[in-house]
Amino acid sequence: MSDDKPPRRRRVTSKPKKDDSVRMMDTRVKTARGRKMSSTLWLRRQLNDPYVAKAKSLGYRSRAAFKFIELDDKFKLMRKGDSIVDLGAAPGGWTQIAIDRGAKQVVGIDLIFVEPIGGLDFIQMDFMDEGAPAAITDLLGGAPDLVMSDLAANTTGHRKTDHIRTVALVEAAADFAIDTLRPGGNFVTKVFQGGAEGKLLLKLKQTFKTVKHAKPDSSRDGSPEMYLVALGFKGRPDK
Ligand SMILES: C[S@@+](CC[C@H](N)C(=O)[O-])C[C@H]1O[C@@H](n2cnc3c(N)ncnc32)[C@H](O)[C@@H]1O
């Protein structure tokens with residue numbers, strides 16, 4: 001499985017390195033009666049993933065934390081004192097890093113409950129609900145400096161349905177960012193398979209100074225995910 005390969009390595013302090021105490025392992029998982037093959041493979045991948053081990057040793061709630069570290073190091077997404085919205089926040093890895101790096105406030109939303117983190121105002125709600133944007137903005141003191149979305153819909157196995165649901169989440173996150181960000185603010189979102197759809201990309205290029213795709217090293221090689229980074233919000237056309 002290509003997913004079991006070690007991540008490509010570059011020297012970034014926060015990530016596992018070859019000589020790190022966290023080493024690649026090859027832990028095999030016995031198939032058990034009643035356990036699906038996909039679960040066995042998932043378990044094996046988790047046990048052999050250096051980012052999972054490193055996240056555990058640093059007290060990060062998810063390996064996804066490393067993706068935000070890499071993206072922020074590269075694109076300077078946030079600054080100390082920022083007000084940030086975390087869409088798809090559970091279990092809280094991105095929020096932890098944002099707060100470690102000096103965010104003044106993080107408002108997070110997820111279908112799944114997030115155990116409390118100091119500095120996080122959390123809403124357990126479907127972001128696609130009509131009332132979600134207002135629920136988030138009600139908790140913000142003003143326009144956010146960064147909207148970050150790691151939203152990922154549970155896959156159904158039906159490719160077309162999964163694609164439609166994923167695109168809908170990305171579009172809703174982008175619309176929310178455009179509706180709420182302060183001028184100069186930033187937006188980052190997970191996208192899948194070849195990046196953002198043409199129409200969305202065009203909209204973001206019209207409303208942000210710089211728009212780029214990025215695949216952090218900590219994003220699994222076999223995963224179709226990548227990130228879209230939009231920097232320097234130009235402001236709402238009506239303002
Ligand atoms: C990849 S995880 C996020 C990991 C997180 N960034 C971290 O660092 O811990 C994706 C999250 O999106 C959430 N999600 C998916 N669809 C959602 C929706 N419609 N509304 C709210 N959250 C949603 C899932 O429940 C899941 O927790």
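Above this text is the structure in question.
These numbers come from a predicted model, not from an experiment.

1. Considerations on the site of the ligand
Here is step 1 of the chain: Around the ligand sit 20 residues in total, of which S62, D110, D126, F127 and D150 are the nearest.
Here is step 2 of the chain: Out of a free accessible area of 600 Å², the ligand has 87% covered by protein chains.
Here is step 3 of the chain: Residues that form the shell around the ligand fall into these classes: 13 nonpolar, 4 polar and 3 charged.

2. A closer look at the packing of aromatic side chains
Here is step 1 of the chain: Evaluated as defined, the whole model comprises 8 aromatic pairs.
Here is step 2 of the chain: Residues Y60 and F66 carry aromatic rings whose centres are separated by 5.6 Å and whose planes lie at 65 degrees to one another, so their mutual orientation is edge-to-face.
Here is step 3 of the chain: Residue F66 is classed as buried on the basis of its relative accessible area of 0%.
Here is step 4 of the chain: Consider the rings of F208 and F233, whose centres lie 5.3 Å apart with planes at 45 degrees: the pair is tilted. One end of the pair, F208, is in strand β6 (residues 208-214); the other, F233, is in strand β7 (residues 225-233), with 25 residues separating them in the sequence.
Here is step 5 of the chain: Ring-pair connections join several aromatic residues into one group, and the members of that group are Y51, Y60 and F66.

3. Observations regarding the packing of helix α6 (residues 159-180) against helix α7 (residues 198-207)
Here is step 1 of the chain: Where α6 meets α7, the axes come as close as 11 Å, and the angle between the chain directions of the two elements is 15 degrees. Classed by the angle they form, the pair α6 and α7 counts as roughly parallel. Helix-helix and strand crossings are classified by hand; for α6 and α7 the assignment is left-handed. For the pair α6 and α7, contact is made by V170, A174, D175 and I178 and by L200, K203, L204 and T207, respectively.

Reading the values: rules and limits
- Residues numbered from 1 in each chain as written.
- Predicted model: local features only at pLDDT ≥ 70, side-chain atom pairs only at ≥ 80, totals over all residues.
- Heavy atoms only, no water.
- Near = heavy atom within 4 Å.
- Areas by Shrake-Rupley, 256 points an atom, 1.4 Å probe, with all protein chains shown as cover.
- Nonpolar A, V, L, I, M, F, W, Y, C, P; charged D, E, K, R; others polar.
- Phe/Tyr/Trp six-rings, centres within 6.5 Å; stacked < 30°, edge-to-face > 60°.
- Buried < 20%, exposed > 50% of the residue type's maximum accessible area, 1.4 Å probe, protein only.
- Helix = DSSP H or I, 4+ residues; strand = E, 2+ residues; numbered from the N terminus.
- Axes fitted to C-alpha atoms, helices over the stretch in contact; angles between N-to-C directions.
- Parallel < 35°, antiparallel > 145°, perpendicular 65-115°, else oblique.
- Left-handed = near helix turned anticlockwise from the far one by under 90°.
- Contact = heavy atoms within 4.5 Å.

Interpretation note: all reported values are geometric properties and have no functional meaning in isolation.
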